[in-house]
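Analysis of the macromolecular model
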Amino acid sequence: MKTVIMAGGKGSRMASIASDIPKPMIPLHGKPVLQYQLECLVKNGFTDILITIGHLGHVIKDFFKDGKQFNCFISYYEEVEPLGSGGSLFKIIDKLDDDFVLINGDIIFDIDFSRFVNYYRTSGAWAALAVHPNSHPFDSALLVTDSENRVIKWINKEDSRGYYKNQVNAGIHILSKKLLRSVTLPSEKADLDREILKPLIPTGKIYAYPTPEYIKDAGTPVRFKQVTEDIEKGLVQKRNLSQKQKAIFLDRDGTINTFNSFVTKPEDFELLKGAAEAIRKINSSGYLAIVITNQPVIARGETDAATLDLIHMKMETDLGAAGAYIDDLFYCPHHPDKGFPGERPEYKIDCSCRKPKPGMILAAAKKYNIELPCSYMVGDDMRDARAGIAAGCIPIFLTNNMPFDDTSIKSFNALNDFVEYII
């Protein structure tokens, strides 16, 4: 499968770091951004590379040449006039495979492409876009998806938005030539997101591929600094899902948000003091942050799944405003006890997912290749601790200023105290 890397932008936001070379050539620990990309692609078996170049493109060609010294074959397409983020694809369409990978030239990533390609091929998509949560969703485009990860709405950063799921287009795509052939553009210059992908949402052929793997935009001085630090800490390669992951599993009520009674509407959700800071620290560590929560409000008829989704979007919105995010969330809607007004009989079952059973943790471990003995289950209830023990995790109990005398389980007063200790 051919890979196209879009490396023709001017990189005006990075002028304070380097103004005499293209943005993809800015060095990180002695290697340009593009070299990191090529190394990951070659490692995954992608060796046929086409790089679109423009501003100062000769710098790229002089460095990478035909690609042989990087164990790949590189060809180039040079834009005489800027064609936007999508226009050049129509100029090179005859050089593309029926399905091809398309990558933004200013991102650092290390992902397991075999998972991504398999997802694309089984979905029947015209486009599969890698999406992930990030620390700045308020200035990123967000994708809204249905239960099958089909994109149903595209929210640009300037669009008004209420509560939202932190699901950002990461800049790695797998596309079909069918998609390009279905588009008629008014001019040769085209924006990939706004003029090609977004208008095709009604076809039902645009899919999101959620992943917690490392994909970061190094296109601003602040983000460049963060990526540099992450490379130093070895986080880039560690987050590749072909490798065993470590996770901090988090209970929700009483751990992330205040808990006086069950939250049944978004307006009642309030982050605990210090929770966003703690999760932000987890995001900067080698751990995934995954929420594992019992939500019997569904079975008891006190709210519905759509409202619970809104509650969780409120959580992600509030965390995002503080520069924090969760990598995924698993919830159990069941409750075995009967006798509640308005209860829903189909959810009144003795399931395998409700804590203290380990079902949700085990499902997360399977999905993300998590090494459970190196991971933690953190919560303020003994059901959380017992679920962690049953799954093979290290249990952590949060006392929230209440007495706790079980010396067999390590305890902390609040989430931030635990995170400070472990990270």
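As a starting point, this report considers the structure included with it. If you're wondering where the values come from, they're calculated on a predicted model, not measured in any experiment.

A word on the packing of helix H9 (residues 275–283) against helix H13 (residues 415–422)
Put simply, H9 and H13 touch, their axes get as near as 8 Å, and they point 25° apart. Taken together, the axes of H9 and H13 are roughly parallel relative to one another. The crossing of H9 and H13 is left-handed. Packed against H9, whose contacting residues are Ala-275, Glu-277, Ala-278, Ile-279, Lys-281 and Ile-282, the element H13 presents Leu-415, Asn-416, Val-419 and Glu-420 at the interface. Here the contact of H9 with H13 is built from residues that sort into six nonpolar, one polar and three charged.

So, the pairing of strand E5 (residues 73–78)
By the bridge criterion, six bridges tie strand E4 (residues 48–53) to E5 in an arrangement that is parallel. When the bridges of E5 are listed, Thr-52 appears paired with Tyr-77. The handedness of the E4 to E5 crossover, carried by helix H2 (residues 57–64), is right-handed.

Overview of helix H11 (residues 359–368)
Of all the residues in H11, the buried ones are Gly-359, Met-360, Ile-361, Ala-364, Ala-365 and Tyr-368. On the buried face of H11, the contacting elements are strand E14 (246–250), strand E15 (287–294), strand E16 (328–332), strand E17 (376–379) and helix H12 (382–391). A positive phi of about 55° marks Asn-369, the residue just after H11.

As for the environment of Lys-43
Tracing the sequence through the fold places Lys-43 in helix H1 (residues 33–43). Expressed as a C-alpha distance, the spacing of Lys-43 and Asp-110, which sit 67 residues apart in the sequence, is 9.7 Å. For Lys-43, the residues in contact, after removing those within four places along its chain, are Asp-110 and Asn-240. Among the polar contacts listed, one links the side chain of Lys-43 to the side chain of Asp-110, at a separation of 2.9 Å.

Notes on the packing of aromatic side chains
Evaluated as defined, the whole model comprises 14 aromatic pairs. Look at Phe-397 and Phe-404: their rings are 4.1 Å apart centre to centre, the planes differ by 5°, and that puts the pair in the stacked class. On the accessibility criterion, Phe-397 (9% relative accessible area) is buried. Judged by its relative accessible area of 23%, Phe-404 falls in the partly exposed class.

Cut-offs and rules
Residue numbering note: each chain is counted from 1, following its sequence as written. Restriction of local features to residues with pLDDT of at least 70 applies here, the model being predicted, together with a cutoff of 80 or more for giving and counting side-chain atom pairs; totals for whole chains, interfaces and linings are based on all residues. By convention in this description, side-chain values take in all heavy atoms of the structure and omit both hydrogens and water. Axis definition: a line fit to C-alpha positions, over the contact stretch in the case of helices; interaxial angles, taken between N-to-C directions, run 0 to 180 degrees. Helix and strand assignments come from DSSP, with helices taken as H or I runs of at least 4 residues and strands as E runs of at least 2, each series counted from the N terminus. For classification purposes, angles smaller than 35 degrees are called roughly parallel, those larger than 145 roughly antiparallel, those between 65 and 115 roughly perpendicular, and all remaining angles oblique. In this scheme the crossing of two helices becomes right-handed for a clockwise turn of the near helix relative to the far one and left-handed for an anticlockwise turn of less than a right angle. By the convention used here, residues are in contact when the closest approach between their heavy atoms is within 4.5 Å. Under this grouping Gly is polar, as are all residues other than the nonpolar Ala, Val, Leu, Ile, Met, Phe, Trp, Tyr, Cys and Pro and the charged Asp, Glu, Lys and Arg. Paired strands are those between which DSSP finds at least two bridges. Place the viewer so that the strands point away; then a crossover is right-handed whenever the path from the first strand over the helix to the second strand goes clockwise. Relative accessibility decides the category of a residue: with a 1.4 Å probe and only protein chains considered, values under 20% of the type maximum give buried, values over 50% give exposed, and everything between is partly exposed. Polar contacts, as used here, are pairs of N or O atoms within 3.5 Å; protein pairs need one atom able to donate a hydrogen and one able to accept it. Residues neighboring in sequence count only if both atoms are side-chain atoms. Stacked, tilted and edge-to-face are the three classes applied to pairs of Phe, Tyr and Trp rings, where Trp contributes its six-membered ring and a pair requires centres within 6.5 Å; stacked means planes under 30 degrees apart, edge-to-face means over 60, and tilted covers the rest.

Interpretation note: all reported values are geometric properties and have no functional meaning in isolation.
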